[in-house]
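What follows is each chain in one-letter form.
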Amino acid sequence: MKAYGVNELRRMYLEFFESKEHLKMNSFSLVPKNDKSLLLINAGMAPLKPYFTGLEVPPRKRVTTCQKCVRTGDIDNVGKTARHLTFFEMLGNFSFGDYFKHEAIAWSWEFLTEVIGMDKDRLYPSIYGEDEEAFEIWNKEIGVAPERITRFYRDPVTGECDNFWEHGAGPCGPCSEIYYDRGIKYGCGKPDCKVGCDCDRFMEVWNNVFTQFDGDGKGGYTELANKNIDTGMGLERLAVVVQDVDSVFDIDTMRAIRDKICSLAGATYQAEEAKDVSIRLITDHIRSSTFLISDGVMPSNEGRGYVLRRIIRRAARHGRKLGIGDLFMAELAKTVINESKDGYPELEEKKEFILTVLTKEEEAFNKTIDQGLTILASMEEEMKTGGKTMLDGADAFKLYDTYGFPIDLTEEILTEKGYTVDKDGFDKAMKVQKDTARKARKVTTYMGADASVFDAYTTPTVFTGYDTLVDEAAISVISEDEEIDGKIASELVAFLGEGRNGTIIADRTPFYATMGGQESDQGSIVTEDGEFVVENVEKLVGNKYAHHGIVKNGIMKLGSKATFRVDAQQRKATCKNHSATHLLQKALRDILGTHVEQQGSFQDGERTRFDFSHFKAMTAEELQQVEDIVNAKIAEALPVVTDVMSMEDAKKSGAMALFDDKYGDSVRVVSMGDFSKELCGGTHVKNTRDIQSFKILSESGVAAGVRRIEAITGANVTAYYKEAEAKLVNAAKAAKCGTDALAAKIQAMQDEMKALNSEIEKLKAKLANNSVGDIMNDVREVNGIQVLAAKLADVDMNGLRNLGDRMKEKLGESVILLASALDGKVNLVAMATDGAMARGAHAGNLIKAVAVLVGGGGGGRPNMAQAGGKNPAGIDAAIAKAYETAAEQLA
């Protein structure tokens, strides 16, 4: 058997199943689409669930993919073992009601033995114990001896079986795996070592899932009319067998990353177990990080962004443990990209962006970990002062959750100093966080979307709105909608009366549904019996367009012929904003760099909102440059052309694919002259001149590494400038000058105000100085230190501080408290000289003692403190308390 590389194996598998009339589909994004049950794609079949359930029609009944996956359930074991990974690739061949067991088993055997060249005598199939059909195929058709076929039965206690796949209620069925005997050197040495043993000798390389039943979740099963095939085979695991290496960390693509880590760290793999753990962990985590970022996931403190942040920071921390002093994640990502770009060319396309995100996050973590060390040091000091030897679990969790400080690092540092960590308390705090997150996750159906009354209607809606704003169709579905406990409850009906809210579905519509950032059309549905106002349109699972709204007059009847009419003005305004967004993105990339990638967008008839990757606020000059470019392209009257082509042709044309969009075989490529070319399913103007004008309203940050621009177009720009002009005229009127002289008039007024304020401050200081003579009579001497506590009228905090400084000069070594009521509030300032502090004086403690008497609080340093209060009536008591407290301090 030839030791094929990972990229070769991927290509060979996909080409083999293409030869068996399968449609090769590119890997779906790691970010699930329309599946609220998953945070990240974690299995090869996960993106295909709508096809298996029949909620969507697959592009072909036979499909093959190599799907990138991320699982973090066992993340704590990654690195500690040579088996666990967070990122992996799943090879899959799928049948949606087409071929079944005979073909699936035969093709799996053919690929392994004839294409890869595995020794038939080292392959051992397994089956579900009661699956006689699979046994007969393996034995009679493939020719595998009965004693080489392993049967796995359900556990008599739990009822579970590894060779029967089910996930609650829904489609399920038996499995048939294929194991490869790697030889005695990988075995456990036990005389009964065989298929199913926990050692590494017999490794599963293929798993055929025969989805043939509909389970009720209680042990009851009925045969499915359309049976499916779901094959899963880990690419990395297959490579281990083919390349005859010890583990996944030794296969060609991962070994390259592993060796790069060793080079950066000056370490040798398998020389020291503690370092091996770090090397394996970083090898895995840099792959996960690189692929997650390439699919648009950004580091954050929640959801999939938190998964990414945690993975990056674990890797960065283990880099420190290996002694890698400099930033290294981006350098490693270059190796990941180089090793995987054969199967995932988007990695090379997004290389600059991936490297930038990794560098920024690693820099942030380096600051965070230093901050964490400082916080931990203060916690150690508190433990030492309190005579404790165990760090409270809540404090450990705070370090972990707030500062991103790993619990194992906390334990390691404290153990070296003779302390321990309340791990149970930490685990409890962690459980509270997980339970909160779990409760927030929506309970969904098998396919990951909320079940609805519309699922029974399976006819997809044909969207005709690219070519027309008016179309006719018969009403296929009507529901009456009612809001209950903040949720919309729908009931299918045959009639919907005047004033009632509801939903209408037909087999064709010109109404654009909300998707891709573009808000839906609005308009009306008219029959001979009534009119329905369409307020918004939603695309349901199965490509059904649900028109939500209210019956304006008359009645809507199921089956009635209806005219669907889109609000032309609203569509036109939305098109302007959407087309302008394409120009905006290209302009941003021209000015800021190609790292700019769309992170989200929103367009309706009022404005466009565009989120993009960039790591600092744009300057006023950059914003003006971008706005000028967009307006220049509008003025150039570029034709806006939409071409429908294959994804492959679209990529060859240089079209950009927007973030988080999932495309089919045929895609729409929207070109604006030679300036912009993007894959987009939205609606657009015919020519850029139709946009008329473009104005950026704001630029702001919305997340780490993500900026947002809000802008307007067309008539909204005209309205914006009209409003701005009206405000300018009103401001000039208030300033009693013309609009052309307004700036100079405002500057003159500000200069005048500045001069007046300076005069006021001088008068305040003079008044305060005049008070010095009066309050000198209140000075008392305590143990050789002058103590003054005095009340002044209408002096602000700044005036009290200035007066306090002058009194220190006048009195020498002294303790001073000054109080003043101003506008119904109390200002307090306390000061102590160096000599007074040497005798025990403390301004912060002094003011803390007296502030409560005026209804306030405060504190400060030993030499100076201030406070505020709400009770002027308490000033006299505060003065008396000040003398008392000062005497106690100086005693």
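None of these values were measured; they are calculated from a predicted model.

So, how was this worked out
- Residues numbered from 1 in each chain as written.
- Predicted model: local features only at pLDDT ≥ 70, side-chain atom pairs only at ≥ 80, totals over all residues.
- Heavy atoms only, no water.
- Helix = DSSP H or I, 4+ residues; strand = E, 2+ residues; numbered from the N terminus.
- Buried < 20%, exposed > 50% of the residue type's maximum accessible area, 1.4 Å probe, protein only.
- Contact = heavy atoms within 4.5 Å.
- Pairing = 2+ DSSP bridges.
- Axes fitted to C-alpha atoms, helices over the stretch in contact; angles between N-to-C directions.
- Parallel < 35°, antiparallel > 145°, perpendicular 65-115°, else oblique.
- Left-handed = near helix turned anticlockwise from the far one by under 90°.
- Nonpolar A, V, L, I, M, F, W, Y, C, P; charged D, E, K, R; others polar.
- Phe/Tyr/Trp six-rings, centres within 6.5 Å; stacked < 30°, edge-to-face > 60°.
- pLDDT = per-residue confidence, 0-100.
- Salt bridge = Lys/Arg side-chain N within 4 Å of Asp/Glu carboxyl O.
- Polar contact = N/O pair within 3.5 Å; in protein donor to acceptor, adjacent residues only side chain to side chain.
- Patch = residues over 30% accessible without salt bridge, like charges linked within 9 Å, V, L, I, M, F, W, Y side chains within 5 Å.
- Areas by Shrake-Rupley, 256 points an atom, 1.4 Å probe, with all protein chains shown as cover.
- Expected span 1.5 Å × (residues − 1).

Draft legend 1. A look at the overall build of the protein. Each helix and strand in the protein was counted, giving 24 helices and 35 strands. A principal-axis box enclosing the C-alpha atoms of the protein has dimensions of 115 × 80 × 50 Å. Burial analysis of the protein (891 residues in total) assigns 49% to the buried set. Partitioning the contacts of the protein with sequence separation of at least 6, the portion at a separation of at least 24 is 67%.

Draft legend 2. Quick peek at the sheet that holds strand 23 (residues 608-613). Here we have four strands laid out as an open sheet, ordered 22-23-29-28, and antiparallel in their pairing. Each edge of the sheet is formed by a strand with only one pairing partner; in this case those strands are strand 22 (598-603) and strand 28 (694-703). Shown here is a sheet whose adjacent strand axes are inclined to one another by a mean of 15°, direction ignored. As defined by bridge partners, strand 23 adjoins strand 29 (residues 706-713) across six bridges and the pair is classed as antiparallel. Bridging across to strand 29, D611 finds its partner in R708. Strands strand 22, strand 23, strand 28 and strand 29 of the sheet are contacted by helix 15 (residues 568-592), whose axis makes an angle of about 25° with strand 23. Each of strand 28 and strand 29 is contacted by helix 18 (residues 714-735), which is oriented at about 90° to strand 29, the strand it contacts most.

Draft legend 3. Structural detail: the packing of helix 1 (residues 6-18) against helix 3 (residues 101-115). Put simply, helix 1 and helix 3 touch, their axes get as near as 11 Å, and they point 130° apart. Classified by the angle their axes make, helix 1 and helix 3 are oblique. Classified by chirality, the crossing of helix 3 by helix 1 is right-handed. Of helix 3, the residues touching helix 1 (which contributes M12, Y13, F16 and F17) are W107, E110, F111 and V115. The class makeup of the residues in the contact of helix 1 with helix 3 is seven nonpolar, no polar and one charged.

Draft legend 4. Seen up close, unusual backbone geometry. Within the chain, D244 stands out as a residue other than glycine whose phi angle is a positive 50°. Within the fold, D244 resides in the loop between helix 5 (235-243) and helix 6 (252-265). The phi dihedral of Q270 falls on the positive side, at around 65°, and the residue is not glycine. Here Q270 shows up in the loop between helix 6 and helix 7 (273-294). Taking the relative accessible area as the measure of exposure, Q270 reaches 54% and is therefore exposed.

Draft legend 5. Structural view of the packing of aromatic side chains. Applying the stated rule across the entire model yields 29 aromatic pairs. Ring geometry for F17 and W206: centres 6.3 Å apart, planes at 50°, overall tilted. You can see F17 sitting in helix 1 and its partner W206 sitting in strand 8 (residues 202-215), a full 189 residues away along the chain. The same class applies to F17 as to W206, namely buried.

Draft legend 6. Expanded view of the confidence of the model for the protein. Here the protein averages 90 in pLDDT, while 95% of its residues score no lower than 70. pLDDT under 50 marks residues 440-449. Its contacts with residues more than four places away, or in other chains, come to 28 contacts.

Draft legend 7. Quick look at helix 5. Across the nine residues that make up helix 5, a large majority, eight, are buried. For helix 5, the full list of buried residues reads L235, E236, L238, A239, V240, V241, V242 and Q243.

Draft legend 8. Region of interest: the sheet that holds strand 34 (residues 857-860). If you walk across this open sheet you meet the six strands as 30-31-32-33-35-34, and the pairing is mixed. Strand pairing shows two members of the sheet lacking a second neighbour, strand 30 (780-782) and strand 34, which therefore form its edges. Adjacent strand axes in the sheet meet at a mean angle of 15°, parallel and antiparallel pairs treated alike. By the bridge criterion, eight bridges tie strand 31 (residues 785-793) to strand 32 (residues 814-822) in an arrangement that is parallel. Bridge pairing in strand 32 links Q786 to S814. Sheet strands touched by helix 23 (residues 843-851): strand 32, strand 33 (825-832), strand 34 and strand 35 (864-869). Its angle to strand 33, the strand with the most contacts, is close to 150°. Against the sheet, helix 24 (residues 875-890) engages strand 30, strand 31, strand 32 and strand 33, with an angle of about 165° to strand 31.

Draft legend 9. Summary view of the pattern of salt bridges. Counted under the stated rule, the structure contains 43 salt bridges. Note that K101 and D131 form a salt bridge whose closest N and O atoms lie 2.9 Å from each other. Highlighted residues: K101 in helix 3 and D131 in the loop between strand 4 (123-128) and helix 4 (132-142), separated in sequence by 30 residues. The exposure class assigned to D131 is buried, which follows from its relative accessible area of 6%. Note that D529 is salt-bridged to K557, the shortest N-O span being 3.8 Å. Taken together, the positions of D529 in the loop between strand 18 (523-526) and strand 19 (530-540) and K557 in strand 20 (residues 544-557) put the pair 28 residues apart, joining distant regions of the chain.

Draft legend 10. Seen up close, the side chain of T574. Mapped onto the fold, T574 is located in helix 15. Here G605 takes part through its backbone nitrogen, which lies 3.3 Å from a polar atom of the side chain of T574.

Draft legend 11. Expanded view of the environment of T231. Note that T231 resides in strand 9 (residues 221-234). With residues near it in sequence (within four places) discarded, T231 still touches Y13, L91, G92, N93, F94, W206, N207 and N208. Side chain to side chain, T231 and N93 meet in a polar contact 3.2 Å long. There is a polar contact of 2.8 Å between the side chain of T231 and the side chain of N208.

Draft legend 12. Main features of the packing of helix 8 (residues 303-321) against helix 11 (residues 351-386). The contact between helix 8 and helix 11 brings their axes to 10 Å, and the two run at 65°. When the axis of helix 8 is compared with that of helix 11, the two are roughly perpendicular. Crossing hand, helix 8 versus helix 11: right-handed. Every residue of helix 11 that contacts helix 8 at R309, I312, R313, A316, R317 and R320 is listed here: L358, E361, E362, A364, F365, N366, T368, I369 and D370. Grouping the amino acids of the contact of helix 8 with helix 11 by side-chain chemistry returns six nonpolar, two polar and seven charged.

Draft legend 13. Here's a closer look at a nonpolar patch on the surface. Where nonpolar side chains cluster on the molecular surface, the patch consists of L697, Y720 and Y721 and spans about 260 Å² of accessible area. Within the secondary structure, Y721 is located in helix 18. Since its relative accessible area comes to 43%, Y721 is described here as partly exposed.

Draft legend 14. Up close: helix 6. The first and last C-alpha atoms of helix 6 sit 20 Å apart over 14 residues, in line with the 20 Å expected at 1.5 Å per residue. Residues of helix 6 that are buried: T253, M254, I257, R258, I261, C262 and A265. Lining the buried residues of helix 6 we find helix 1, helix 5, helix 7 and helix 9 (329-340). Phi turns positive, to about 65°, at G266, one or two residues after helix 6.

Draft legend 15. Region of the structure containing the environment of K677. The residue K677 is located in strand 27 (residues 676-679) in this model. Its relative accessible area of 32% is what places K677 among the partly exposed residues. In this structure the C-alpha to C-alpha distance between K677 and S300, which are 377 residues apart in sequence, comes to 30 Å. With near-sequence residues (within four places) excluded, K677 lies in contact with S653, G654, A655, M656, V669, V670 and S671.

Draft legend 16. Examining the pairing of strand 22 more closely. Extensive coverage of strand 22 is indicated by the burial of five of its six residues. As judged from the five bridges shared by strand 22 and strand 23, these two strands associate in the antiparallel manner. From the neighbouring strand, S601 faces strand 23, where its bridge partner is F610. The hairpin turn running from strand 22 into strand 23, its antiparallel successor, is four residues long.

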